[in-house]
Amino acid sequence: MTDESIAKALAKALEEERSGDAEAALETFDQAVAKHPDALLLHSNRGLLLERMQRHEDALRSFRTAAKIESNFRDHYNAGNMLLFLERHQEAIDAYQSSIACRDDYAEAWVNQGIAHHALENEIEARASFERALGIDSNFYPALRSRAILEASLGDDSAAI
């Protein structure tokens, strides 16, 4: 499969999904992946489709496959999001750490890592993750909100405010 045929498969799948046929889009991805199992973009975009279809375990497998083909912040981050949704918090932390290892200025990964830490009641690590995200962008709303939720859960309403 050439780059051109990969691009055509991506475009076809996106059009099928836009027209309301997510199953056809998934079939297009599956056929393309069968022809070119090492196409990172196919696995990544297949994962995003499966996430939108709320098939989180399947999406996780696609993101992990993409990250094995080429370690990259986005697929590790997306795998972490699926694990967070599935309440597999320690695995999510591991995935976010892999994302951060690829790109340490991705505030979203720091925030979601903090959320996973908070779910495991690792408040010190959660706070450090939120602070790191705010060090990247001091006005990053998800980090501010997550830090406020953490502080409120610890009974420090003044810090939360």
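In this report, the structure presented in the accompanying data block is examined. (Residues numbered from 1 in each chain as written. Predicted model: local features only at pLDDT ≥ 70, side-chain atom pairs only at ≥ 80, totals over all residues. Heavy atoms only, no water.)

Before going further, it helps to examine the packing of helix α5 (residues 73-85) against helix α7 (residues 107-119). Running from N to C, α5 and α7 cross one another at 25 degrees; their axes reach a closest spacing of 11 Å. The angle between α5 and α7 falls in the class roughly parallel. Read as a crossing pair, α5 and α7 show a hand that is left-handed. Touching Tyr-77, Asn-81 and Leu-84 of α5 are Glu-108, Ala-109, Asn-112, Ile-115 and Ala-116, all from α7. For the contact of α5 with α7, the residue count by class is five nonpolar, two polar and one charged. (Axes fitted to C-alpha atoms, helices over the stretch in contact; angles between N-to-C directions. Helix = DSSP H or I, 4+ residues; strand = E, 2+ residues; numbered from the N terminus. Parallel < 35°, antiparallel > 145°, perpendicular 65-115°, else oblique. Left-handed = near helix turned anticlockwise from the far one by under 90°. Contact = heavy atoms within 4.5 Å. Nonpolar A, V, L, I, M, F, W, Y, C, P; charged D, E, K, R; others polar.)

One non-glycine residue, Glu-87, lies in the positive phi region at around 60 degrees. As for its position among the elements, Glu-87 is in the loop between α5 and α6 (89-102). Here the phi dihedral of Glu-121 falls at roughly 60 degrees; this positive angle occurs in a residue that is not glycine. Within the element layout of this structure, Glu-121 appears in the loop between α7 and α8 (123-136). Taking relative accessible area as the criterion, Glu-121 reaches 60% and is therefore assigned exposed. (Buried < 20%, exposed > 50% of the residue type's maximum accessible area, 1.4 Å probe, protein only.)

A word on helix α2 (residues 22-35). The terminal C-alpha atoms of α2, which comprises 14 residues, lie 20 Å apart, in line with the 20 Å expected from a rise of 1.5 Å per residue. Those residues of α2 hidden inside the fold are in contact with α1 (3-18) and α3 (40-52). (Expected span 1.5 Å × (residues − 1).)

Running from N to C, helix α4 (residues 56-69) and α5 cross one another at 155 degrees; their axes reach a closest spacing of 8 Å. With respect to their mutual orientation, α4 and α5 come out roughly antiparallel. At the point where α4 passes α5, the crossing takes the left-handed sense. Together, His-56, Ala-59, Leu-60, Phe-63, Arg-64, Ala-66 and Ala-67 of α4 and Asp-75, His-76, Asn-78, Ala-79, Met-82, Leu-83 and Phe-85 of α5 make up the contact between the two elements. Its residues assigned to classes, the contact of α4 with α5 shows nine nonpolar, three polar and two charged.

This next bit is on the pattern of salt bridges. All chains considered together, the criterion is met by 13 salt bridges. Here Glu-17 and Arg-52 are joined by a salt bridge, their closest N and O atoms 2.7 Å apart. With Glu-17 in helix α1 and Arg-52 in helix α3, this pair connects stretches of sequence that are 35 residues apart. On the basis of relative accessibility, which here comes to 47%, the residue Arg-52 falls in the partly exposed class. Close ionic contact of Glu-131 with Arg-147 constitutes a salt bridge, the shortest N to O distance being 2.7 Å. Note that Glu-131 is positioned in helix α8 and Arg-147 in helix α9 (residues 141-153), a separation of 16 residues in sequence. Through salt bridges that share partners, Glu-57, Arg-64, Arg-88 and Glu-91 make up one connected network. (Salt bridge = Lys/Arg side-chain N within 4 Å of Asp/Glu carboxyl O.)

Attention now goes to α7. Along its 13 residues, α7 runs 19 Å from first to last C-alpha, staying within 8% of the 18 Å computed at 1.5 Å per residue. Inspection of α7 places Ala-107, Ala-109, Trp-110, Val-111, Asn-112, Gln-113, Gly-114, Ala-116 and His-117 among the buried residues, and these make up the whole buried set. Residues of α7 that are buried make contact with α5, α6, α8 and α9. One or two residues past the end of α7 sits Glu-121, with phi positive at roughly 60 degrees.

By themselves, these observations are geometric and do not establish any function.
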